Structure formats: structure tokens, C-alpha cells
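Take a look at the letters that make up each chain.
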Amino acid sequence: GAMTDHEATSDAAAPLLVHDEARVRTLTLNRPDALNACNEALYDALTNGLLDAAADPGVAVVLLTGNGRAFSAGQDLGEMAEPTVFEGQEPGYQRYMPVLESFPKPIVAAVNGVGVGIGLTMLLHCDIVLISDQARLKVPFISLGVTTEASASLLMPATMGWQRAAEVLFTEPWIGADQAVADGIALRAVPHDRLLDEARALAGHIGGLPLGPLLATK
């Protein structure tokens, strides 16, 4: 497609890459060396990326994915100890979650690799999740000395059933792609090299629909 303003301003080193094609805005987590762990800069970019997409009448659907071999390794634990908080702003996670939860347009996620912690729980707020057959998910909250986040204590039982949610939270297993589908976290597993093509096709189909009914239906 033609280069958009977003692409022109997307710096390859930015924590989030923004790409527009037709009425689909792709947001790509872009800290591949850190397995796309969420630090303040990435949370901030995600929050602003969603706010921009919500406000832009030319965007009908958001496609969320990761660059490199991970979707997201979760909260950046290195930064948790030394958080960088932007002046006059609440911490990034606290800004991000309400924006994700209330996002008015459909979100398609393409889980390209490992998803840990928020890398799993943010999927519970997406409308359709496709997962690479090479991806694995995990929520290591209790062993890190914390409890669930991102409304997962409500959404995990609603999505996967009470006892499976309890098993996942209390035993912290790795969840492979097929199991993620069985658990209702993902709609289907896709061969890794076809993941983005399938997700783009799905998002493109949604993007071709009229915005008013999409917003009302979401």
C-alpha cells in the first residue's frame, strides 16, 4: 500500500510500530530483544495507539501482534523494580487497561509467539484471537508473589470455565496453541508462517464493514 503518515513517522526503534492498510490499523509490539516485555514506553505507546485508532474514523479494526519470536513476555520485571513514570501521568499499565477494556472497535490479535502474564490476559479483551501453532501462553502471577491483573479473575473463568481457570492460575502450566483454543483464549491455531496473512485477511474483512454497526455490535 501507499506509505501513510503513520508509517512515515514509525521509527524502527519505536516500542510500537503502527501501520495502516485500508481501514485496518496494525499495532506491532516492537521490543523484540526484550521479548516485547511491557515497559512504560510500550504501555504508553499502546495506550496512545489505541486512543488514536478509536478517534480515527478511517480505522475500523485494530490488529495487534508482536515483532520477533514473542508476542509479549509480560510486565518488564527489570523495570518493575525501577519504574520510569512520565511526569504527571499515572503508570503505564494503569493507563493502558481502561483504554483496552473500553476500546470501541473490534480488535483482532495475532499471537506470534510466547505470551506471558499481560501477554495472555490482554487477549481476553480482544474480540478474535488467532494463535501461531508455535506459540505458548502462561500466567506466572502467584509464583511472582502477585495476583491476577487485567480483570483476569473474572474473564478467565468466563472464558475457560471455573476449574480450568483455577488450574491455570494455581499450577501455571504452559498452554500450547491447541490448548489455548480448547480453553477459549484463541479462536484457532494457524501454521506459524500463515498467521499474519490469515489475521490480516480476517481484519481486512471486518475493516470492509460499515463503522456504525461495528461500533454498535462491539
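Residues numbered from 1 in each chain as written. Predicted model: local features only at pLDDT ≥ 70, side-chain atom pairs only at ≥ 80, totals over all residues. Heavy atoms only, no water.

**Q** Describe a nonpolar patch on the surface, and please don't skip the residues or the numbers.
**A** Together, L77, L144 and V146 make up an exposed nonpolar region whose accessible area comes to about 260 Å². Along the chain, V146 turns up in the loop between β8 (136-138) and α6 (152-160). (Patch = residues over 30% accessible without salt bridge, like charges linked within 9 Å, V, L, I, M, F, W, Y side chains within 5 Å. Areas by Shrake-Rupley, 256 points an atom, 1.4 Å probe, with all protein chains shown as cover. Salt bridge = Lys/Arg side-chain N within 4 Å of Asp/Glu carboxyl O. Helix = DSSP H or I, 4+ residues; strand = E, 2+ residues; numbered from the N terminus.)

**Q** For unusual backbone geometry, give the residues involved together with the corresponding values.
**A** Positive phi, close to 55 degrees, is recorded for N36, a residue that is not glycine. You can see N36 is positioned in the loop between β2 (24-29) and α2 (40-55). By relative accessible area, N36 is classed as buried at 0%. Positive phi, normally seen in glycine, also occurs at E172, with a value near 55 degrees. (Buried < 20%, exposed > 50% of the residue type's maximum accessible area, 1.4 Å probe, protein only.)

**Q** Residue-level account of the pattern of salt bridges, with values.
**A** Side chains bearing opposite charge may pair, as long as their charged atoms lie close to each other. Tallied over the entire structure, the rule returns 10 salt bridges. For D56, the salt bridge goes to R25, with nearest N and O atoms at 3.1 Å. Here the residue D56 occupies a position in the loop between α2 and β3 (61-66), and R25 occupies one in strand β2, the gap between them amounting to 31 residues. Between E167 and R164 there is a salt bridge, with the nearest N and O atoms lying 3.0 Å from each other. Here E167 pairs with R164, and both are found in helix α7 (residues 162-171), just 3 residues apart, close to one helical turn. Residue classification places E167 among the partly exposed residues on the basis of a relative accessible area of 42%.

**Q** So what's going on with the sheet that holds strand β6 (residues 114-116)? Residues and values would help.
**A** For sheets, the rule is that strands pair by backbone hydrogen bonds, running either parallel or antiparallel. Strand order in the open sheet formed by 4 strands is β4-β6-β8-β9, with mixed pairing between adjacent strands. Only two strands of the sheet have a single neighbouring strand rather than two, namely β4 (70-72) and β9 (175-176). (Pairing = 2+ DSSP bridges.)

**Q** How would you sum up the nonpolar core? Please name residues and give values.
**A** Among the nonpolar cores identified, the biggest contains 47 residues, and M122, L137 and M156 are the most heavily contacted of them. When residues in this core are grouped by element, the largest group, 6 residues, is from α2. Residues V24, V61, A110 and V190 belong to the second largest nonpolar core, which totals 15 residues. (Core = buried A, V, L, I, M, F, W, Y, C linked by side-chain atoms within 4.5 Å.)

**Q** Can you break down α2 residue by residue, with the values?
**A** An ideal rise of 1.5 Å per residue puts 22 Å on 16 residues; α2 measures up with 22 Å between its terminal C-alpha atoms. Buried residues of α2: E40, L42, Y43, D44, A45, L46, T47, G49, L50 and A53, and no others. (Expected span 1.5 Å × (residues − 1).)

**Q** An account of the environment of F71 is requested, with residue identities and associated values reported.
**A** Within the secondary structure, F71 is located in strand β4. The class of F71 is buried, set by a relative accessible area of 0%. A C-alpha to C-alpha distance of 4.9 Å links F71 and G113, two positions 42 residues apart in sequence.

**Q** So what about the sheet that holds strand β10 (residues 188-190)? Which residues, and what values?
**A** Taken in spatial order, the 6 strands of this open sheet run β1-β2-β3-β5-β7-β10, and their pairing is mixed. Only two strands of the sheet have a single partner each, and these edge strands are β1 (16-21) and β10. Here the strands of the sheet are splayed against their neighbours by 20 degrees on average, with no regard to which way each runs. For β2 and β3, the ladder comprises 6 bridges, and the chain directions are parallel. Paired with V24 across the two strands is V61, which belongs to β3. (Axes fitted to C-alpha atoms, helices over the stretch in contact; angles between N-to-C directions.)

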